[in-house]
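Below, each chain spelled out in residue letters.
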Amino acid sequence: MSDKWHGGKGDKSRVSDPAKYQDGMERIYGRKAWQFWAVWDGFNINEIEFDDTGLNHLEQISYKEFITRLKR
């Protein structure tokens, strides 16, 4: 047995259809503030590059909109 960590079952992305994943996120979680989605995806909200143009403070958006506004 190796002492090296293998990553576990959740280590690699299992999303084969990103659009279906985004639709599922919206169905389950609804609309949330972009800060929620950022933390959910593992970003630091103080370091993320996100286009919040036109959004009010803590305005709720869909996960799909979060992804489109994310600057990578």
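Residues numbered from 1 in each chain as written. Predicted model: local features only at pLDDT ≥ 70, side-chain atom pairs only at ≥ 80, totals over all residues. Heavy atoms only, no water.

1. So, unusual backbone geometry
Thought 1: Notably, L58 is not glycine yet its phi reads approximately 60°, a positive angle.
Thought 2: Position of L58 relative to the elements: it lies in the loop between helix 2 (34–40) and strand 2 (60–61). (Helix = DSSP H or I, 4+ residues; strand = E, 2+ residues; numbered from the N terminus.)

2. Quick look at the confidence of the model for the chain
Thought 1: Averaged over all residues, the pLDDT of the chain equals 84, while 79% of them reach at least 70.
Thought 2: Averaged pLDDT values for the elements of the chain fall to 82 in helix 1 (residues 18–29) and rise to 95 in strand 2. (pLDDT = per-residue confidence, 0-100.)

3. A closer look at helix 1
Thought 1: Here helix 1 is 12 residues long and its end C-alpha atoms lie 16 Å apart, about the 16 Å a rise of 1.5 Å per residue gives.
Thought 2: Taken together, the buried positions of helix 1 are Q22, G24 and M25. The arc enclosing the buried residues of helix 1, seen along the axis, measures out at 160°, which places them on a common side. Of the exposed residues in helix 1, the ones pointing more than 90 degrees away from its buried face are K20 and R27.
Thought 3: G30 occupies a position one or two residues after helix 1 and carries a positive phi of about 70°. (Expected span 1.5 Å × (residues − 1). Buried < 20%, exposed > 50% of the residue type's maximum accessible area, 1.4 Å probe, protein only. Arc of directions from axis to C-beta.)

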